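Here is how the chains run, residue by residue.
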Amino acid sequence: MRLITSDDVTDVIAKGKQRGLNFLLSKLTLDKLNRTKSAFDDSAIKHANWWIISAIKDRWNQLISGNPQVPYEEFMMNGHFKDKKNLRLLSIGSGSCSHELKLASYANFKEILCVDIADNRLNEAKKIAQHQNLNNISFICANAMEYSFESTFDIVFFHSSLHHFNNISTLIPSKIIPLLKPNGHLVINEYVGPTRLQQPKLQIQAINQGLKMIPLKFRNRYQTGWIKNRYTGSGLIRMILADPSECIDSASILPTIHTYFDTIDERPYGGNILMHVLKDISHHFTELNSEKNQILNSLFKFEDEYLKDESSDFVFGIYQLKKS
C-alpha cells in the first residue's frame, strides 16, 4: 500500500487549476459524505480523463458488443433482455442517469427507478426525461442502502457506482439480493480492479511503458502546462481525502458476484493501462489525425497484450441469481 506518491502532489495542484479553490476546500471537511458528493459535482468538473476520447468509447463498444457503434445498452436490450416485458429496474448510484435514460427508451421497461445522493444530477435527469416524454423513469434522492423499497426488481443496475460501496461481500447478500425477484438479474458496468487503485508494480511499470509511447508534444497536462513524464500511482491518503468511497472495496466485486450469481455474460474491456496513461492528457486526442490514431492504436495493442496475462480492471456483466 502506498500512503503518498509524487502523483498525489501533482494531482492536488492540477485539481486546483481544473476545478478551482472551492473544490479543494471541500475536501477539508470531516464529513465523508460531503467529500464524496463534491467529487461528483458536475458544475465544477473540468478534466481530461480517458472517457472524453471517442476512440476509447468505440473500443469499449467493440470489446463489449463486438461493434464499435453499438453501446452496451443496445447490446443488452437486443440480446438477453430482448423478449422480456414489464421489466422493473433499480439503478443504484445513478448519477446523471444518462444510461438509464437510454434504457427508458425501450418498451421492455415498465419502470426504471434511479437512486442517488446527488440531487442536482437527478434534477437534470428529470428535466431530460420530461423533455423526451419518458414516463417509465423516476428519481429518488436518497442513500439506496438505507431506503425502504416497496417491492422487488427484475434488474439491479450499477454503472460506475458499485465500486463506491464498502464491504461488498456483505453488501451483495444482505442488501442487493433482497431487492431482486427470485430469478432477478444484476447488471454492472464497473471498475473491478485493485482496491484504492493500489496497482501492483508490474502494472505501474506497464503504465509507464505506455506513457513513453506518446510523444512529448501530446503529454502536457490539461490546464497546467506540465509534462506528464511518469506515473507513480495514487497514495491512500489522497484517495481517502479526495473521495472516501473511491474504489473502497473494488477487488471484492467479481469474487462476490460469482459467489451468489450465475454469469450470463461477462465482457472485460481493459482500462488497466489506458485509464492511467491518458489521465490529464486525453484532451490531445479528442480530435484525431493519422498520427494520433496511430498512437492510440499502438496503446490499444499494448493493453491487449498486457491483458493476455492479467485480469481486466473494467467489466460489463449480466448475472442471474443462483437458484437456492
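Residues numbered from 1 in each chain as written. Predicted model: local features only at pLDDT ≥ 70, side-chain atom pairs only at ≥ 80, totals over all residues. Heavy atoms only, no water.

So, the overall build of the protein chain
Definition in use: Labels follow the DSSP assignment, with helices taken as runs of H or I lasting at least four residues and strands as runs of E lasting at least two, numbered in each case from the N terminus. The quantity called the radius of gyration is restricted to C-alpha atoms. Its globule counterpart is 2.2 Å times the number of residues to the power 0.38. Classification of residues uses two cut-offs on accessible area relative to the type maximum, computed with a 1.4 Å probe and protein chains only: under 20% is buried, over 50% is exposed, and between them is partly exposed. In this description, contact between two residues means that some pair of their heavy atoms is separated by no more than 4.5 Å. The sign given to each residue is positive for Lys and Arg and negative for Asp and Glu; His and the chain ends receive no count. To locate a charge, the coordinates of NZ of Lys, CZ of Arg, CG of Asp or CD of Glu are taken.
Counting its secondary structure elements, the protein chain contains 13 helices and 7 strands. Relative to its length of 324 residues, the protein chain is compact, with a C-alpha radius of gyration of 20 Å against a globular reference of 20 Å. For the C-alpha atoms alone, the extent of the protein chain along its principal axes is close to 55 × 45 × 40 Å. When burial is assessed residue by residue, the protein chain has 51% of its 324 residues classed as buried. Taking the contacts inside the protein chain whose residues are at least 6 apart along the sequence as the reference set, 81% of them involve residues at least 24 apart. Seen as two clouds, the 38 positive and the 34 negative side-chain charges of the protein chain have centres 3 Å apart.

As for the layout of surface pockets
To find leftover empty space, one rolls a probe the size of a water molecule over the atoms. Formally: Cavity and pocket criteria rest on a 1 Å grid covering protein atoms alone: a 1.4 Å probe that fits but cannot get out defines a cavity, protein on both sides within 12 Å along at least 5 of 7 lines defines an open pocket, and an atom within 4 Å of a point defines a lining residue. Grid points are joined across faces, edges and corners, and a volume is the space filled by probe spheres set on the points.
There is about 220 Å³ of room inside the second largest pocket. Val192, Gly193, Ser311, Ser312 and Asp313 are the residues nearest the centre of the second largest pocket, which is lined by 15 residues in total.

Details of the packing of helix α9 (residues 201–212) against helix α13 (residues 290–307)
Heads up, the condition is: Helix axes use the C-alpha atoms of the stretch in contact, all axes being lines fitted to C-alpha atoms, and the angles between their N-to-C directions lie in the range 0 to 180 degrees. If an angle is under 35 degrees, it is roughly parallel; if it is over 145, roughly antiparallel; if it lies from 65 to 115, roughly perpendicular; otherwise it is oblique. Note: crossing handedness is left-handed where the near helix turns anticlockwise from the far helix by less than a right angle, and right-handed where it turns clockwise.
Closest axis-to-axis distance for the α9/α13 pair is 11 Å, and the angle between their directions is 165°. When the interaxial angle is binned, α9 and α13 end up roughly antiparallel. At the point where α9 passes α13, the crossing takes the right-handed sense. Residues Leu202, Gln203, Ala206, Gln209 and Gly210 of α9 form the contact with α13, whose participating residues are Leu299, Phe302 and Tyr306.

Notes on the environment of Gln320
With respect to the element layout, Gln320 can be found in strand β7 (residues 314–321). Sequence separation of Gln320 and Ile155 is 165 residues, and the distance between their C-alpha atoms is 9.1 Å.

Topic: the sheet that holds strand β4 (residues 153–159)
Here is the rule: Two strands qualify as a pair provided that DSSP identifies no fewer than 2 bridges between them.
Sheet architecture is open: 7 strands sit in the order β3-β2-β1-β4-β5-β7-β6, paired in mixed fashion. Strands at the two margins of the open sheet, each flanked by one partner only, are β3 (137–141) and β6 (261–268). Ignoring which end each strand starts from, the neighbouring axes of this sheet average 15° apart. Of the strands in this sheet, β5 (180–191), β6 and β7 are in contact with helix α11 (residues 253–260), which crosses β6 at around 145°.

Notes on the pattern of salt bridges
For side chains bearing opposite charge, pairing can occur when the charged atoms are close. Using the following cut-off: Each salt bridge in this description consists of a side-chain nitrogen of Lys or Arg and a carboxyl oxygen of Asp or Glu lying within 4 Å of one another.
Scanning the model with the defined rule gives 13 salt bridges in all. Notably, a salt bridge pairs Arg238 with Asp8, separated by 2.5 Å at the nearest N-O pair. Taken together, the positions of Arg238 in helix α10 (residues 236–242) and Asp8 in helix α1 (residues 6–19) put the pair 230 residues apart, joining distant regions of the chain. Exposure remark for Arg238: the relative accessible area of 13% places this residue in the buried category. Judged by its relative accessible area of 6%, Asp8 falls in the buried class. Taking the shortest distance from any N to any O, the salt bridge between Lys308 and Glu305 comes out at 2.7 Å. Residue class for Glu305 comes out partly exposed when judged on its relative accessible area of 47%. One salt-bridge network, held together by shared partners, links Asp8, Asp11, Arg238 and Lys279.

Comments concerning the packing of aromatic side chains
Worth spelling out the cut-off: Here is the rule: rings of Phe, Tyr and Trp (six-membered ring for Trp) pair when centre to centre is within 6.5 Å. Planes less than 30 degrees apart are stacked, more than 60 are edge-to-face, and the remainder are tilted.
Taken as a whole, this structure holds 12 aromatic pairs when the rule is applied. When the ring of Tyr191 is compared with that of Phe314, the centres are 5.4 Å apart and the planes differ by 70°; the resulting orientation is edge-to-face. Of this pair, Tyr191 sits in strand β5 while Phe314 sits in strand β7; the two residues are 123 residues apart in sequence, bridging distant segments of the chain. According to the relative accessible area criterion, Phe314 is buried, its value standing at 10%. Here the aromatic rings of Tyr269 and Phe314 are separated by 5.8 Å at their centres, their planes lie at 40°, and the arrangement is tilted. In this pair, Tyr269 sits in the loop between β6 and α12 (274–278) while Phe314 sits in strand β7, placing the two residues 45 residues apart along the sequence. Comparing Tyr269 with Phe314 shows no difference in burial state: the two are buried.

Some thoughts on unusual backbone geometry
Of note, the phi angle at Leu197 is positive, near 55°, even though the residue is not glycine. Although it is not a glycine, Asp280 sits at a positive phi angle of roughly 75°. Among the structural elements, Asp280 can be located in the loop between α12 and α13.

Structural notes on the state of the cysteines
Cysteine pairs can be linked by a disulfide, which is a covalent bond between their two sulfur atoms. Quick reminder of the rule: Pairs of cysteine sulfur atoms within 2.5 Å are what we label disulfides.
Tallied over the full model, the rule gives 0 disulfides. Cys114 takes part in no disulfide bond, and the closest cysteine sulfur, belonging to Cys97, lies 3.7 Å away.

Re the confidence of the model for the protein chain
Convention followed: By definition, pLDDT measures how confident the predictor is in each residue, and it falls between 0 and 100.
Summary statistics for the protein chain give a mean pLDDT of 92 and a share of 90% for residues scoring 70 or more. Taken as a whole, residues 41–45 scores under 50 in pLDDT and shows 8 contacts with residues more than four places along the chain or in a different chain.

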